[in-house]
Amino acid sequence: MARKLVVKRGGKLGAPPGTLLHIGRHKPDSAAIRLITYGPEQLEESPVENLARFQRPERAGQISWLNVDGLADPAVVESLGSLYELHPLVMEDILNTDQRPKVEEYPGYLYIVLRMLRFDKDRQQIHSEQLSLVLGKDYVLSFQERPGDVFEGVRERLRAGRRIRFMRSDYLAYALLDAVVDHYFEMLEYIGEQVEELEDQVIDAPGPDTLARMHHYKREMLLLRKSIWPLRELLSRLARDENPLISEETRLYLRDVYDHVIHVMDSIDTIRELLVSMLDLYLSSVSKRTNEIMKVLTIFASLFMPLTFIVGVYGMNFDVMPELRWVWGYPAVMLLMLVLVVGLLVLFRRRRWI
Amino acid sequence: MARKLVVKRGGKLGAPPGTLLHIGRHKPDSAAIRLITYGPEQLEESPVENLARFQRPERAGQISWLNVDGLADPAVVESLGSLYELHPLVMEDILNTDQRPKVEEYPGYLYIVLRMLRFDKDRQQIHSEQLSLVLGKDYVLSFQERPGDVFEGVRERLRAGRRIRFMRSDYLAYALLDAVVDHYFEMLEYIGEQVEELEDQVIDAPGPDTLARMHHYKREMLLLRKSIWPLRELLSRLARDENPLISEETRLYLRDVYDHVIHVMDSIDTIRELLVSMLDLYLSSVSKRTNEIMKVLTIFASLFMPLTFIVGVYGMNFDVMPELRWVWGYPAVMLLMLVLVVGLLVLFRRRRWI
Amino acid sequence: MARKLVVKRGGKLGAPPGTLLHIGRHKPDSAAIRLITYGPEQLEESPVENLARFQRPERAGQISWLNVDGLADPAVVESLGSLYELHPLVMEDILNTDQRPKVEEYPGYLYIVLRMLRFDKDRQQIHSEQLSLVLGKDYVLSFQERPGDVFEGVRERLRAGRRIRFMRSDYLAYALLDAVVDHYFEMLEYIGEQVEELEDQVIDAPGPDTLARMHHYKREMLLLRKSIWPLRELLSRLARDENPLISEETRLYLRDVYDHVIHVMDSIDTIRELLVSMLDLYLSSVSKRTNEIMKVLTIFASLFMPLTFIVGVYGMNFDVMPELRWVWGYPAVMLLMLVLVVGLLVLFRRRRWI
Amino acid sequence: MARKLVVKRGGKLGAPPGTLLHIGRHKPDSAAIRLITYGPEQLEESPVENLARFQRPERAGQISWLNVDGLADPAVVESLGSLYELHPLVMEDILNTDQRPKVEEYPGYLYIVLRMLRFDKDRQQIHSEQLSLVLGKDYVLSFQERPGDVFEGVRERLRAGRRIRFMRSDYLAYALLDAVVDHYFEMLEYIGEQVEELEDQVIDAPGPDTLARMHHYKREMLLLRKSIWPLRELLSRLARDENPLISEETRLYLRDVYDHVIHVMDSIDTIRELLVSMLDLYLSSVSKRTNEIMKVLTIFASLFMPLTFIVGVYGMNFDVMPELRWVWGYPAVMLLMLVLVVGLLVLFRRRRWI
Amino acid sequence: MARKLVVKRGGKLGAPPGTLLHIGRHKPDSAAIRLITYGPEQLEESPVENLARFQRPERAGQISWLNVDGLADPAVVESLGSLYELHPLVMEDILNTDQRPKVEEYPGYLYIVLRMLRFDKDRQQIHSEQLSLVLGKDYVLSFQERPGDVFEGVRERLRAGRRIRFMRSDYLAYALLDAVVDHYFEMLEYIGEQVEELEDQVIDAPGPDTLARMHHYKREMLLLRKSIWPLRELLSRLARDENPLISEETRLYLRDVYDHVIHVMDSIDTIRELLVSMLDLYLSSVSKRTNEIMKVLTIFASLFMPLTFIVGVYGMNFDVMPELRWVWGYPAVMLLMLVLVVGLLVLFRRRRWI
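Residues numbered from 1 in each chain as written. Chains lettered and ligands numbered in written order. Predicted model: local features only at pLDDT ≥ 70, side-chain atom pairs only at ≥ 80, totals over all residues.

Looking at an unreviewed UniProt entry, one finds chain A named Magnesium transport protein CorA and attributed to Halopseudomonas pertucinogena. As stated in UniProt under Sequence similarities (unreviewed entry), the record for chain A gives "Belongs to the CorA metal ion transporter (MIT) (TC 1.A.35) family." Recorded under Function (unreviewed entry), the UniProt text for chain A is reproduced unchanged: "Mediates influx of magnesium ions." (UniProt positions renumbered as here; feature names shortened; annotations may be inferred.)

In structure tokens form, the structure reads like this:
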């Protein structure tokens, strides 16, 4: 259980707001910055090696996408922040990678923060990474905690000169959001399959770890819900609020992503409720089985205790026990016991125990 | 358990929005398209064989209903989409058959997507099919995943020249929605009966599969609720929003369908809560029965353990055990045991155990 | 369990909206129609025998109340509907007696549908009947499924020339609603008493049917809640919406009925939560009793198993068992067993088992 | 359990609205009426003996507070009602002492009804009494069911010539509301202490009545919540709605009472959730103890059953049992049994049973 | 359990509103008052020894922060209150240290009350202290119950001449709120770790106090939630309402604190739901273990009871028992018992008991 329920912000305690410290868990050695500048007719793609000499690309009709992988070095965020005139609170939020998803309007740009989620199949755990987007008039800045993302499809489409090349920066931001949310489906689909497998297991043959696995998935759904829930409001605001940075056309597309997030939330809730119902099922079937075991025990005990008592009686050593002398004593006792057993079995049958 | 909790959208990952791929589970070989054109005075009904040569019917005062069965071939949706000038997102949603019910306004038409539900009585499972409706000024397009629907009644009324022939396309769309929702009632009625049968079973004689069946219906209600719940908002918006495509008169009828959906939701919730209460009942009665079995066991054990001990005492082989020599020893011990048994029975009676 | 959770609407499937079929459970042979016409100065009361020749009473300053008992014959509703110019959907809702309570505004009249509830003390079940009210400028139409209602008090007040005779039709409609809601209290009071009796039973001496009865009342509260809940919104709209048919003064009275319905809902929720708490109590006390039975069993077993073993040892038939030959062997073994028993009892006492 | 969950209103069934019947449980013989008239400079306090000759005190700048203890005689309310021109519904609500807390605006006065609660420490039950306040421009009428109230402090302040003497009638109404709500805290504090005591009991040593007491307090909290919850809305409306009877200054004070009621509700909810958690704790600890008892039983049984079997073998009377003849037979069997016992104990230890 | 669920307000019962009595639990001997006056260029820090001669610092462009530690002496609050013209209700709320967090607008100043929380690691309990802030145009008053707070960082920044020195009083108030909320994270992080440790314990090896600890943390989360929940609304109002005392810029910062509080609430809810799931897990695993113990018992009993009965049969002393005379009688019986045991073991294996 490497992940924390609540993340340490202690390191920042007492620091003034606006202090740029990276508060997060993934600490790659350095930041990799990649710039893609494109317009309807051309696309340039290049790494940014030396941030000090980096100039804000401002060619007319060109959109630039600056992607930062790795937040270990606050100086990177700081210099980009001053280049793009970001508010200190935005820079702080980019570095403090335990933000709740939200969108904030600032003069000239929008700041969007959300979570990229990945299901680690080996540990059966959700891994969460913070994605910050800054959407300006002709640029998108994206900040990730680690290399590796879900944006390869977007890059392919940019390179292939598809529709996205003819759109503004708001459409690029939409495409990135859409890629993140589409990935949620893939993750949920996998979890859904695992949970259904577990469900069959609960019904057919609960093993020793069934219970712990149910709890484990419940826990993951709890954390998942916490990560995705605020996205609903974020997208609803993006799709509905009038903001000059987002065109009418893009709003339609954002409404579509919004619908997807609602769909994701529905699926999370369905899985959660299914897990609750599965636990009830599990508990009930354990109770039922205890009940059945008790029945077996009680049947054995009620049959053999009286019999053992009877044979005990005729095992006593009293000098005067006339039955012991009778020739038919032994068969008579055996018959008596047979009658008793049959009688008890009839009684149990009537009570539907056997 | 063939159905998935969360449906694979993985195939589409990375694809740009607007890519037309059929993402669904039912793949009939080809699409069957059927056109009904009608006005107050006549009705024409014909299959559309060759989509390439198909022209949009536009005779004044005529309403046309184009029904597509089967979505395996994206080209069908694409050519119809360009004929009727549908937005790429609409075409994508028609093909991606795991949409959440919703209504979207586009210039000149409304896009409505909802679910046709069928209860497969053999598998005791709900089968769900996506229905897309496009409502234009003088046409309705309907897209289904498979042949076979609940619209035969609507067709009959059209052919019979009833009231519906005198109304506009919005009334046709209403009639289709009404047919879908009416079918929900039929389904819920059947499930309601099954659940009540199960309820009697829980009270009278829970069998080995009672528990799994309760869980099964709970699960179905969960999926049902997820499918129908968004329909509430959809119909509320259709009935209340001012949209030139929907007349005041039709709004009255849509309000009626809205009331039916609320009624369906109420019934779903009632069945769900009843299932919860049934599980409590089941659990309680299992506990109670365990309790009673324990009582029987305890009574047997408390009666026979002391007796077995006593006869064991007089089965010991000590040379010096004076009681064994007494003439009345055997009857005395038998009497002692009788007294003991009676005493214990009185005690149990006082504790209300027997 | 004669009632259905979800009522068959199947018979209507495929029928066009506006088709008048009676869909309900109570089918008296014919409808009894009764007209009361009144004003401040006089009151006429007469059965309507021949509906064909019936004219709409329209004397100035006179209010007419037409009450229909029995909905088996759709023709009755149809002819009244055309006489009073009712919308087809209203006529359909009157006949389809499984409506959710609602109020609908139509030009010139209000359509109100709600449920009259009766608790059948023999079957301990709630019986529900649909009441439809049509409130026009100078008339009230009421449609009931069966003869027998809760309006006798209203009729008495009308006949006695009380205040109600001086008021408009909206006040009559209020008086009818008030009578229905007042009857809910009577019913809830009875159920409340039954539940409290059951509560005492759960605490003092749960019998074999306690559990099933708790479930039964929970189920009834579920259905009751479903029937009454929508009435809240209905009355809130009547009391607050500006509608020329309802005077300011009557709004005050409707607000009062609204408060009563809120009160009824509060009571239903309180009873439901009490039932939940009672089930917890029941389950806990069953667990506790199982626990106590187990203690008794364990005490008996732990006392007598070692003793039976010891006497078994000295019942063995080995040739060489020196103890058997000792003169004090028998008393020594008895003493040993006594010490053992006392030791175990002390131990149990310490564990607070006895 | 003298209190009813739902109070009989049956006596009023069929009666027209406005019929004045006292529907309540406390029936003192007669009403005691007390008038306090005050202004900044003087205060007069006198009982009202003869209501027939009573005149409405109307001296300029004077506030009058008329308090009625006991509602057995409807004539008292009726004559005061006509004197102060109260609406018939108000008079009905004053007498029908099972009102839900509410505030209603009438021309010229406000009608406020709420509940005075008292915790009867002997019966450990909440006793509830209806308090009706009528706030006019220069008067406050208060109606209580029984003598004895929580207003002594307000009277003292009036007599002492404190600030309240300089304020209008709205401030007096506030002071009365404040006194009632302050009393809720006292009551809740006592219940909170009882519940915490019970909590210690659940953790340390649940006694035979622990369970019933938990249920009892849960039930009381249920009724308490039902009584106080509507007060929130009542005070919110008083503090926020523009009403000429309530000054800006008094609104500040009412906002304060509103905060107190929210605080009371928070405390009720906390106590309720604590009780739920306590029941879980209780159930879990009962389960755990059953588990431990079972362990003891199983250990005893698994140790002694094999031993008893072995000694039984050598108690058989076969002519040919060579072991019985061996000199070391007896010690060998004893050793065998010792080995068996040690082996089983080691096994139990490994399973962490002992 | 020293803390009370509901705090005694009894001492104030009957007192008029505005009576200044300290109602709280922490009673240090006297109040320590500290004044910090600062502007962009200088900062003065001094204790206020003699309140009688204290003057309100009013130099242009200077902000003053007056911090009061200890509320034992109402005179302190009273004299400061009259100096700063505070409303009597504000002074009362400052002294009555069981306020629900809230913000109130008064002419010229804002009154903010919230809770400083501290987790006492020794007692594993949350300690709660009331913090009152009065925000005026150029001053902030802060009232704490005890010495020791979380504001040292803010003081450091003030002394160091950082950005805060250039801002208005609203920014100082924000900085104090931010420090309090940041401290919540630290506390929750610690509790989160404890709960996760407990979770591992529940899964791996529940000890005797596991259950009580789960209940304990649930209780703490209950109280925590009650303390923090109202802060949401408080900050939402501060960040959104137009109030001349709070600048646009500061609103941005308050929105940030608001986001943090939402985050804190999310974490509390996650921990609570995790605790619920942990209890389910615990209960289920206890049930499962009971089940397994029962299996062991039943297996032992079903094996040995028949065997003991059989050897009992041949321990009987009948004169005529031919088997006893057979030479192969003893081996035959032993073989019979072996067959029986093997048969039962096969049966148990088939039932998957062993």
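Picking up where we left off.
Draft legend 1. Expanded view of the overall build of chain A. The number of helices and strands found in chain A is eight helices and seven strands. Relative to the 2.2 N^0.38 estimate, which gives 20 Å for 354 residues, the radius of gyration of chain A is 34 Å and therefore markedly larger than a compact globule would have. Its C-alpha atoms put chain A at 120 × 45 × 30 Å along the principal axes. The buried share of chain A, reckoned over its 354 residues, is 45%. In chain A, the proportion of contacts linking residues at least 24 apart, taken out of those at least 6 apart, comes to 70%. (Helix = DSSP H or I, 4+ residues; strand = E, 2+ residues; numbered from the N terminus. Rg over C-alpha atoms; globule rule 2.2 N^0.38 Å. Buried ≥ 20, exposed ≤ 12 C-beta atoms within 10 Å, placed from the backbone. Contact = placed C-beta atoms within 7 Å.)

Draft legend 2. Broad picture of the sheet that holds strand β3 (residues 63-69) of chain E. Residues and elements named next belong to chain E. The sheet built from seven strands is open, its strands ordered β2-β1-β3-β7-β6-β5-β4 with mixed pairing. Each edge of the open sheet is held by one strand with a lone partner, namely β2 (43-48) and β4 (102-106). Each neighbouring strand pair of the sheet contributes to a mean axis angle of 15 degrees, computed without reference to strand direction. Bridging between strand β1 (residues 32-38) and β3 involves seven bridges; their strand directions are antiparallel. Bridge pairing in β3 places isoleucine 33 opposite valine 68. (Pairing = 2+ DSSP bridges. Axes fitted to C-alpha atoms, helices over the stretch in contact; angles between N-to-C directions.)

Draft legend 3. Looking closely at the environment of glutamine 62 of chain A. All names here are of chain A. Residue placement: glutamine 62 occurs in the loop between β2 (43-48) and β3 (63-69). Each C-alpha atom of the pair glutamine 62 and glutamate 49 lies 21 Å from the other, and the pair is 13 residues apart in sequence. Sequence-distant contacts of glutamine 62, that is, excluding residues within four places in its chain, are made with Thr37, Tyr38, Gly39, Pro57 and Asp138.

Draft legend 4. Broad picture of the relation of the copies chain E and chain A. In the superposition of chain E on chain A (RMSD 0.2 Å, axial shift 0.0 Å), the rotation amounts to 72 degrees. Taken together, the rotation angle and the small translation identify this as a five-fold axis. Of every C-alpha in chain E, the one belonging to glycine 315 of chain E sits nearest the axis of rotation, 4.9 Å from it. When the interface residues of chain E are mapped onto chain A, a mere 16% of them again lie at the interface, so each copy presents a different face. (Least-squares fit on C-alpha atoms with pLDDT ≥ 70 in both.)

Draft legend 5. Just the nonpolar core, in detail. Ranked by size, the top nonpolar core spans 410 residues in total, and within it Leu176 of chain A, Leu176 of chain B, Leu176 of chain C, Leu176 of chain D together with Leu176 of chain E carry the most contacts. Formed by 95 residues, the second largest nonpolar core is a distinct cluster that contains Ile299 and Tyr314 of chain A, Leu297 of chain D together with Ile293 of chain E. (Core = buried A, V, L, I, M, F, W, Y, C linked by C-beta atoms within 7 Å.)

Draft legend 6. Highlighting the interface of chain E and chain A. Of the residues lining the interface, 57 residues belong to chain E; the matching set on chain A comes to 48 residues. Sorting the residues of the side of chain E that touches chain A by element identifies α3 (152-159), α4 (169-204) and α6 (248-313) of chain E as the ones contributing at least two each. Broken down by element, the residue count for the side of chain E that touches chain A peaks at 33 residues, all from α6 of chain E.

Draft legend 7. Structural view of the sheet that holds strand β2 (residues 43-48) of chain B. Residues and elements named next belong to chain B. Spatial ordering of the open sheet is given by β2-β1-β3-β7-β6-β5-β4, a layout of seven strands whose pairing is mixed. Edge positions in the sheet fall to β2 and β4 (102-106), since each of these pairs with one other strand and no more. Neighbouring strand axes in the sheet, compared pairwise and without regard to direction, differ in orientation by 15 degrees on average.

Draft legend 8. Representation of helix α1 (residues 74-83) of chain E. Residues and elements named next belong to chain E. Listing the buried residues of α1 in full gives Val76, Val77, Leu80 and Gly81. An end-on view of α1 places all buried positions within 125 degrees of arc, on one side of the element. Every exposed residue of α1 that faces more than 90 degrees away from the buried side is listed here: Ala75 and Ser82. Glutamate 85 lies just past α1 and shows a positive phi near 55 degrees. (Arc of directions from axis to C-beta.)

Draft legend 9. Focus on the UniProt feature "transmembrane region" (unreviewed entry) in chain A. Residues and elements named next belong to chain A. When the UniProt feature table is mapped onto this chain numbering, "transmembrane region" (unreviewed entry) sits at residues 296-316 and 328-348. Structurally, residues 296-316 is divided into 86% helix and 0% strand, and its ends, taken at the C-alpha atoms, are 30 Å apart. End C-alpha atoms of residues 328-348 are separated by 30 Å, and the span's content is 95% helix alongside 0% strand.

Draft legend 10. Representation of the environment of leucine 238 of chain D in the model. Residue and element names in this part refer to chain D. The residue leucine 238 is located in helix α5 (residues 210-240) in this model. Placed 17 residues apart in sequence, leucine 238 and arginine 255 show a C-alpha to C-alpha distance of 8.5 Å. Among all residues touching leucine 238, those that are not within four sequence positions of it are Val103, Ile246 and Leu254.

Draft legend 11. How the structure looks around the domain arrangement of chain A. We note that the domain assignment places domain 1 (17-284) and domain 2 (292-350) within chain A. The C-alpha-based centres of domain 1 of chain A and domain 2 of chain A are spaced at 75 Å. (Domains from an automatic or database assignment.)

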